[in-house]
Amino acid sequence: MKLAAVGSVAFDAIETPFGKTDKIVGGAGTYISLASSFFVNHQSLISVVGGDFPKPFLELLKSRGIDISGVQVKENEKTFFWSGKYHTDLNSRDTLITELNVLGDFEPMVPDVAQQAEFLMLGNLSPAVQLSVIKQMANRPKLIAMDTMNFWMDIALEDLKETLKHIDVLIINDEEARQLSGIYSLRKAADVIRALGPKILIIKKGEHGALLFHEKNVFYAPALPLEEVFDPTGAGDTFAGGFMGYLAAAPKLDFDTMKRAIIAGSALASFCVEKFGTERLLEITAQDLNERMQAFVTLSTFQLEA
Ligand code: AMP
């Protein structure tokens, strides 16, 4: 098994300026695994759902090469539920409801098949839970990446700093990078954050792309200027899943490979936002993805005049 991921598998109810959904399947773990399934055909998802979660969706994950033996099903409890409403510019949203349900006392159990994974993606959960997953690995994975958010910086900063010592790649947005470092300049913030543990830092800037800080190098990946953004939910998780899936399938882990991995993540995220929930990710093909990665090359390549 190349890749393991931990993250929520959820019901979401989403409202955007273009419409609203009833409870649909979402969750960071769902988006991460679906995105990485474009690159790896055998991976493990570690999560928890309640008895109300649709079994056919778990079967669908399995059909995409996602081992779900690490997804605990608590028959007598309810699945985590999140509801959010986006503002007109789609760059910000309000959380309307968070019902933790099964996630409230989630103790991830990394199944035997996943304990040897070479790549580990820690979706946004409490830093203590993320660390407990790292500790269950039989061997230190080649690469551990992690997502987090300002909520954990506010209420669990010490736990977060401890977990950061054990990972290789931190994936956060610009606002979170500024909060974590206390510094406005992202370049300086990157140095401060990398001194906390992760050698590699990715700072997402929403519709303005993402920055990769790797040793002394910086790479900037644009976001595709899409004609329509329908629902941004899960874009960050899809980005992270695409990034890790690409790396897990790649022969090397050097800076150039990381650049391509960022483009892979960005391309998948650009699909994710075109429809509600996971809908678009479930309908695109490998060829659609290749074409979109090529569009990123076209968008950002130029030659200086001689
Ligand atoms: P993103 O849009 O990338 O921030 O991710 C949105 C996904 O994160 C949704 O599908 C939610 O179900 C999930 N989510 C929201 N809040 C939490 C939380 N507190 N813990 C775990 N997952 C969450």
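Above this note sits the structure.
Draft legend 1. Structural view of the environment of Ser300. Note on placement: Ser300 falls in helix H12 (residues 286-300). Residues Ser300 and Tyr86, 214 residues apart in the sequence, show an inter-C-alpha distance of 29 Å.

Draft legend 2. Region of the structure containing the packing of aromatic side chains. Taken as a whole and assessed by the stated rule, the structure comprises 6 aromatic pairs. Where Phe53 meets Phe57, the ring centres are 6.1 Å apart and the plane angle is 85°; that geometry is what we call edge-to-face. Judged by centre distance (4.7 Å) and plane angle (75°), the ring pair of Phe230 and Phe276 falls under edge-to-face. Taken together, the residues Phe230 in the loop between strand S14 (217-221) and helix H9 (235-249) and Phe276 in the loop between helix H10 (255-272) and helix H11 (279-283) connect sequence positions 46 residues apart. Since its relative accessible area comes to 14%, Phe276 is described here as buried.

Draft legend 3. Just the site of the ligand, in detail. Near the ligand there are 17 residues, and of these Ser8, Asp12, Gly27, Gly234 and Asp237 occur at the shortest range. In the model, a nitrogen atom of the ligand is placed 2.8 Å from a nitrogen or oxygen of the Ser8 side chain. Considering the ligand on its own, with 510 Å² of exposed area, one finds that the protein chains cover 83% of that surface. Examining the composition of the shell around the ligand, we find that 3 residues originate from one element, H9, more than from any other. Across the shell around the ligand, the residue classes tally to 7 nonpolar, 7 polar and 3 charged.

Draft legend 4. Summary view of the packing of helix H7 (residues 174-181) against helix H8 (residues 186-194). Where H7 meets H8, the closest approach of the two axes is 9 Å, and the angle between their N-to-C directions is 60°. Relative to H8, the element H7 is oriented oblique. Like other packed secondary-structure pairs, H7 and H8 cross with a definite hand, here left-handed. Residues Asp174, Ala177, Arg178, Leu180 and Ser181 of H7 touch H8, and the partners they reach there are Leu186, Ala189, Val192 and Ile193. Residues of the contact of H7 with H8, tallied by class, amount to 6 nonpolar, 1 polar and 2 charged.

Draft legend 5. Spotlight on the pairing of S14. Relative to S14, strand S13 (residues 210-214) is paired through 5 bridges, and the arrangement is antiparallel. Across the sheet, residue His214 finds its bridge partner in S14, namely Asn217. Between S13 and S14, which pair antiparallel and follow one another directly, the connecting turn spans 2 residues, one of which, Glu215, has a positive phi of 50°.

Draft legend 6. Molecular detail of the packing of H9 against H10. Axis separation between H9 and H10 bottoms out at 7 Å; the angle between their running directions is 140°. Of the two possible hands of crossing, H9 and H10 adopt the one that is right-handed. Between H9 and H10, the contacting residues are Ala235, Thr238, Phe239, Gly242, Phe243, Tyr246 and Leu247 on the first element and Thr257, Met258, Arg260, Ala261, Ile262, Ala264, Gly265, Ser266, Leu268, Ala269 and Cys272 on the second. Among the residues making up the contact of H9 with H10, the classes are represented as 12 nonpolar, 5 polar and 1 charged.

Draft legend 7. Structural view of the sheet that holds strand S5 (residues 43-50). Judged by pairing direction, the sheet is mixed, and its 9 strands sit side by side in the order S6-S5-S1-S9-S10-S11-S12-S13-S14 without closing on themselves. Of all the strands in the sheet, just strand S6 (66-74) and S14 have a single pairing partner and so form its edges. For this sheet, the mean inter-axis angle between neighbouring strands, taken without regard to orientation, is 15°. Strands in contact with helix H1 (residues 28-36) are strand S1 (3-6), S5, S6 and strand S9 (119-122); relative to S5, the strand with the most contacts, it is inclined by about 155°. Strands S5 and S6 of the sheet are contacted by helix H2 (residues 55-63), whose axis makes an angle of about 160° with S6.

What counts, and at which threshold
- Here the residue numbering is sequential within each chain, running from 1 through the sequence in written order.
- In keeping with the predicted nature of the model, local features appear solely for residues at pLDDT of at least 70, side-chain atom pairs appear and are counted solely at 80 or more, and the whole-chain, interface and lining totals rest on all residues.
- Working from all heavy atoms in the structure, the side-chain values ignore hydrogens and water.
- Per the convention used, a helix needs a DSSP run of H or I reaching at least four residues, while a strand needs a run of E reaching at least two, with both numbered from the N terminus.
- Planes of paired rings set the category: under 30 degrees apart is stacked, over 60 is edge-to-face and the rest tilted, where pairs are Phe, Tyr or Trp rings (Trp by its six-membered ring) whose centres lie within 6.5 Å.
- Type-normalised accessible area, obtained with a 1.4 Å probe on protein chains alone, sets the label of each residue: buried when under 20%, exposed when over 50%, and partly exposed for intermediate values.
- We call a residue near a molecule or strand when any one of its heavy atoms sits within 4 Å of it.
- In the analysis that follows, any N or O atom pair within 3.5 Å is treated as a polar contact, provided that within protein one partner can donate a hydrogen and the other can accept it, and provided that, for residues neighboring in sequence, both atoms belong to side chains.
- Only the protein chains shown count as cover for residues, with accessible areas throughout obtained via the Shrake-Rupley method and a probe of 1.4 Å.
- Three categories are distinguished: nonpolar for Ala, Val, Leu, Ile, Met, Phe, Trp, Tyr, Cys and Pro, charged for Asp, Glu, Lys and Arg, and polar for the others, with Gly belonging to the last.
- Note on method: axes are straight lines fitted to C-alpha atoms, helices fitted across the in-contact stretch only, with angles between N-to-C directions ranging 0 to 180 degrees.
- Oblique is the label for every angle not falling under 35 degrees (roughly parallel), over 145 degrees (roughly antiparallel), or within 65 to 115 degrees (roughly perpendicular).
- Here a crossing is taken to be left-handed if its near helix is turned anticlockwise relative to the far helix by less than a right angle, and right-handed if that turn runs clockwise.
- In this description, contact between two residues means that some pair of their heavy atoms is separated by no more than 4.5 Å.
- DSSP bridges decide pairing: two strands pair if at least two such bridges lie between them.

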